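Architecture and fold: a report
Single-letter residue listing:
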Amino acid sequence: MLTPLSTTSHSRRSALKIAGAASIGAIAIAATACTDNGSAQAAVEVDQLTSQADRARADAAAATNSIALAPERVAALTTISAERTAHAEALDAEIARAAGGGAGTTSTPPSSATAPTAPTGVDSVRTSLTESARSAADLARTASGYRAGLLGSISAACATQAAVLLP
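Now for a description of the structure that goes with this document. (Residues numbered from 1 in each chain as written. Predicted model: local features only at pLDDT ≥ 70, side-chain atom pairs only at ≥ 80, totals over all residues. Heavy atoms only, no water.)

A look at helix α4 (residues 145–165)
To be explicit about the condition: Working definition: helices are DSSP H or I runs of at least four residues, strands are E runs of at least two. Numbering for both runs from the N terminus. Given the number of residues in a helix, its expected span is that number minus one, multiplied by 1.5 Å. For the exposure calls, accessible area comes from a 1.4 Å probe over protein chains only, and a residue counts as buried if that area is under 20% of its type's maximum, exposed if over 50%, partly exposed in between. The arc refers to the directions leading from the helix axis to the C-beta atoms.
For α4, which comprises 21 residues, the first-to-last C-alpha distance of 29 Å matches the rise-based estimate of 30 Å (1.5 Å per residue) to within 8%. Those residues of α4 that sit buried are Arg147, Leu150, Leu151, Ile154, Ser155, Ala157, Cys158, Gln161 and Ala162. Buried residues of α4, seen end-on, are gathered within an arc of 160° and therefore sit on one face of the element. Away from its buried face by more than 90 degrees, α4 exposes Gly145, Ala163 and Val164.

The following block contains the structure:
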């Protein structure tokens, strides 16, 4: 027969076992939820960065193609093309890192093929750069750390290119 002391002790041990099992279960559920949510969020962030890289490639191509219509602006358009290409490469490296490819990977192929476009004119390039600056700034506000800095830098560069190189 159990004494009141041993019954109390047995009850406490059982309660602790149940509480421990419940805690482990709760931690496992929380970890699974965080992992799933983290994967989904990472995929969204990669998609957003990919969109920015595509935009950078399109701006670079438009600037290069616009030289035919504005040969007097060859220096400015060449600079814009080179800088927007560098932006695409930096974004590709961040996409590769986010996807598990490691930091500094720059051999990521372009996310989408940029078809040659007809010359669009300086006004179109300026408008596209302004939109790119706004898009990168909006995304920078939702990002953190290195990504926020990268996107903020890209936004500032695009705004400067539109205002200073293509006034």
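Moving on, there is more to tell.
Concerning the packing of helix α2 (residues 74–98) against α4
So the rule is basically this: The axes are straight lines fitted to the C-alpha atoms, using for helices just the contacting stretch, and the angles between their N-to-C directions are given from 0 to 180°. These descriptions rest on fixed angle ranges, namely under 35 degrees for roughly parallel, over 145 for roughly antiparallel, 65 to 115 for roughly perpendicular, and the rest for oblique. The contact definition used throughout considers only heavy atoms, calling two residues in contact when any of these lie within 4.5 Å. Side-chain classes are defined by residue name, with Ala, Val, Leu, Ile, Met, Phe, Trp, Tyr, Cys and Pro counting as nonpolar, Asp, Glu, Lys and Arg as charged, and the others, Gly among them, as polar.
At a closest axis distance of 11 Å, the pairing of α2 and α4 adopts a crossing angle of 170°. As the angle between them shows, α2 and α4 are arranged roughly antiparallel. In this structure, α2 contributes Ala76, Thr79, Ile80, Glu83, Arg84, His87, Ala90, Leu91, Glu94, Arg97 and Ala98 to the contact, and α4 contributes Tyr146, Arg147, Leu150, Leu151, Ile154, Ala157, Cys158, Gln161 and Leu165. When its residues are assigned to classes, the contact of α2 with α4 shows 12 nonpolar, 3 polar and 5 charged.

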